[in-house]
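Remarks on the overall topology
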Amino acid sequence: MSLRFYNTLTRQVEEFKPLEGNTVRMYTCGPTVYDYAHIGNYRTFVFQDVLRRHLKYRGFQLRHVVNLTDVDDNTIRNSRSAGVPLRAYTDKYVEAFQIDRQLLNLEDPEFLVRATDHIEEMVKLIQALMDRGYAYASEGSVYFKVGAFPHYGQLTQIDLTGVRAGARVDTDKYDKADARDFVLWKAAKEGEPFWETPFGPGRPGWHIECSAMSMKYLGETFDIHSGGSDLIFPHHENEIAQSEAATGKPFVKLWLHGEHLIVNGEKMSKSLGNFYTLRDLIAKGYKPSAIRYLLASVPYRKPLNFTFDGLHQAQQSIDRLRNFRFRLTKENFPPGDSPALKARAQEAREKFEAALDDNLNTAEALGAIFDMVRDGNTAMDRREFRDGDRGAFLDTLERWDRIFAVLDDNDHAKLVKFGLLKEGTSSVKLGLDARELKSAGVAEEGIGNGYTQVLQVGTLSDEEIEKLIAERAAARRKGDYARSDEIRASLLQAGVILEDTKAGTRWKRK
RNA sequence: GGCGCGGUACCCAAGUGGUAAGGGAGAGGUCUGCAAAACCUUUAUGCGUGAGUUCGAUUCUCACCCGCGCCUCCA
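Residues numbered from 1 in each chain as written. Chains lettered and ligands numbered in written order. Predicted model: local features only at pLDDT ≥ 70, side-chain atom pairs only at ≥ 80, totals over all residues. Heavy atoms only, no water.

1. Quick word on the packing of aromatic side chains
- All chains considered together, the criterion is met by 26 aromatic pairs.
- With a centroid separation of 4.8 Å and an interplanar angle of 35°, the aromatic rings of F111 and Y217 are classed as tilted. Highlighted residues: F111 in strand β5 (residues 111–114) and Y217 in helix α5 (residues 208–218), separated in sequence by 106 residues.
- Overall, the relative accessible area of 16% leaves Y217 in the buried class.
- In this structure, R301 is placed above the aromatic ring of Y6, and the distance from its NZ or CZ to the ring centre is 3.4 Å. (Phe/Tyr/Trp six-rings, centres within 6.5 Å; stacked < 30°, edge-to-face > 60°. Helix = DSSP H or I, 4+ residues; strand = E, 2+ residues; numbered from the N terminus. Buried < 20%, exposed > 50% of the residue type's maximum accessible area, 1.4 Å probe, protein only. Lys NZ or Arg CZ within 6 Å of the ring centre and 35° of its normal.)

2. Focus on the protein's contact with RNA strand B
- If you check the shell around RNA strand B, you find 58 residues, and the closest are W206, G228, L231, S317 and R488.
- The sugar and phosphate moieties of RNA strand B supply 71% of its atoms located within 4 Å of the protein.
- Here A363 contributes a backbone N or O atom positioned 3.5 Å from a base nitrogen of RNA strand B.
- Taken together, the elements giving at least two residues each to the surface near RNA strand B come down to α1 (39–57), β10 (222–228), α9 (308–330), α11 (362–381), α15 (462–477), α16 (481–493) and β17 (496–501). (Near = heavy atom within 4 Å. Polar contact = N/O pair within 3.5 Å; in protein donor to acceptor, adjacent residues only side chain to side chain.)

3. A look at the nonpolar core
- Grouped together as the largest cluster of nonpolar side chains are 82 residues, with contacts concentrated most on F16, L55, I224, I291 and W400.
- Looking at which domains feed residues into this core, each of domain 1 (22–258) and domain 2 (278–404) supplies at least three.
- In this structure, W400 is in contact with L321, F352, A365, L366, I369, V406 and L407, ignoring residues within four places of it in sequence.
- Within the second largest apolar cluster, 43 residues are counted, among which are V65, I119, L125 and I126. (Core = buried A, V, L, I, M, F, W, Y, C linked by side-chain atoms within 4.5 Å. Domains from an automatic or database assignment. Contact = heavy atoms within 4.5 Å.)

4. Some remarks on the pattern of salt bridges
- A full pass over the atoms with the stated rule returns 48 salt bridges.
- As a salt-bridge pair, D500 and R476 come within 3.4 Å of each other at their nearest N and O atoms. Of the two residues, D500 is situated in strand β17 and R476 in helix α15; the sequence distance between them amounts to 24 residues.
- Here R476 falls in the partly exposed class, since its relative accessible area comes to 33%.
- Each of the salt bridges in this network shares a partner with another, and the network as a whole consists of D49, R52, R53, K56, E107, E110 and R292. (Salt bridge = Lys/Arg side-chain N within 4 Å of Asp/Glu carboxyl O.)

5. Re the confidence of the model for chain A
- Per-residue confidence for chain A gives a mean pLDDT of 88; residues scoring 70 or more make up 89%.
- Note that residues 162–173 has pLDDT below 50 and, in this model, ten contacts with residues that lie over four places away or in other chains.
- Counted against residues more than four places away or in other chains, residues 424–457, with its pLDDT under 50, gives 70 contacts. (pLDDT = per-residue confidence, 0-100.)

6. Points about the layout of surface pockets
- The computed volume of the second largest pocket comes to approximately 440 Å³.
- In terms of lining residues, the second largest pocket is bounded by 18 residues, among which D409, R506, W507, K508 and R509 are the most central.
- A total of seven residues in the lining of the second largest pocket trace back to one element, the largest contributor, which is α9.
- Looking at the lining of the second largest pocket, its residues break down into four nonpolar, four polar and ten charged.
- Both domains that meet at the lining of the second largest pocket, namely domain 2 (278–404) and domain 3 (422–509), each give it at least three residues. (1 Å grid on protein atoms, 1.4 Å probe; cavity = no way out; pocket = protein on both sides within 12 Å on 5 of 7 lines; lining within 4 Å. Points joined across faces, edges and corners; volume = space filled by probe spheres on them. Nonpolar A, V, L, I, M, F, W, Y, C, P; charged D, E, K, R; others polar.)

Below, the structure is given as structure tokens:
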């Protein structure tokens, strides 16, 4: 079955085929680096990551560009108030973005590019538009003449002919001939960063960077362009206009737009102030892998309502998958194999692949993998699972995780690596379930009223944990269950969960 | 007003013209020193409302209600 995607341009699900050979040329709009990105932003970036991973999974070569907007009103304003040069200011948030990407297992694109490194390309593009009569200068700025481009509005299917000057169309104080026109190049203002150009000193308008950079790395016509749904208008509409006007060729074949993350029924956004950054959630004790899972679990075209309950559910779901993988790799099974079970694993694989082929239906892909998990567990419990069956199940699980990328429990290591969690200190907040704490005897009934008790607890190194587990095993052998339970409770307080299995005690970090 | 997205059990959520995947949570049970994990059973005669098409609709058509987004910076 072929890959199919919903194309915003045609408002239809279409079969996907690269324009040239086996290589997919793709551009995805990245963040404006004036602050930490919030998880609403990351919902879109996770969607784009699932997209690129699935394209690779299906054997395509990728040529993927992600942009960083490092010059705009916000970056200029914030760098000035911080008293830091623009580049130095944005560097900080570029770095933060890179760390967040690694925490969320976002694959590196082939090109991660910054707007201010491509001023020359933008100037050339604007010059071409002026030469072709699609742009004009006014008061030191350059505008795109929307009226000269008859196809304007193809993406939005919006009729702007009624929009007139004087309406609440543009808050900028630049002079435009027509209210629909948008700025390609902004004349320099007092005290703001600027670049010298043939049309005078200034800085780029919002949309031009994406046209200039995408065409530089991907050519004048390429396969996929994606971003959040709020970018459809005016950003992507304007990109199409300025790109196609300059080249006379179709700009992009397939436009993909992710729906928003909402919180309490409203879009999560900086202007509303109802946002969480990745760091906010980590500080509350949530794992990046759980955040990735939550963001990926709802198909990208559906609004995702963010709740802490949802995050908790995501964490539980991941644990179920990890527990299954643990059994697959660590438990002992009788020799031989069972064709029916292996076929079951194969079937699950085909189902999750087909689900992703169908416009990235991640929810259905999850359903397929959990079906397999249950059947595998059942077979193990009934002693029907054979040693030779491991491979088929592990293969499906591993393939599934090439897309979802949540099975490896390396959150702790990454947080330590990036200094977001310090090994062996007591300044770390860790989320633990109140019920779990109560059952372990380390919390009173009635403590807290939500899922998550945020405790100030220390983290133990792997070695310390292993040592305590060995001590507990010795106590258990002697029948000293009081001591055994004491160790288990103290480990739980440090965020370590123990499970006694036939193959010995396993542990994992909460 | 224009253009979109959505309304499925306590929560998240898939899906189909033929009678509701999956995950979480809850309840009971099995296993276990106790837990945890895992398994079994269980939780929507109904898929926003009304009407229509049909042998049959949650799925198609129409109308309506509700939530949200974009139309201005925004993933």
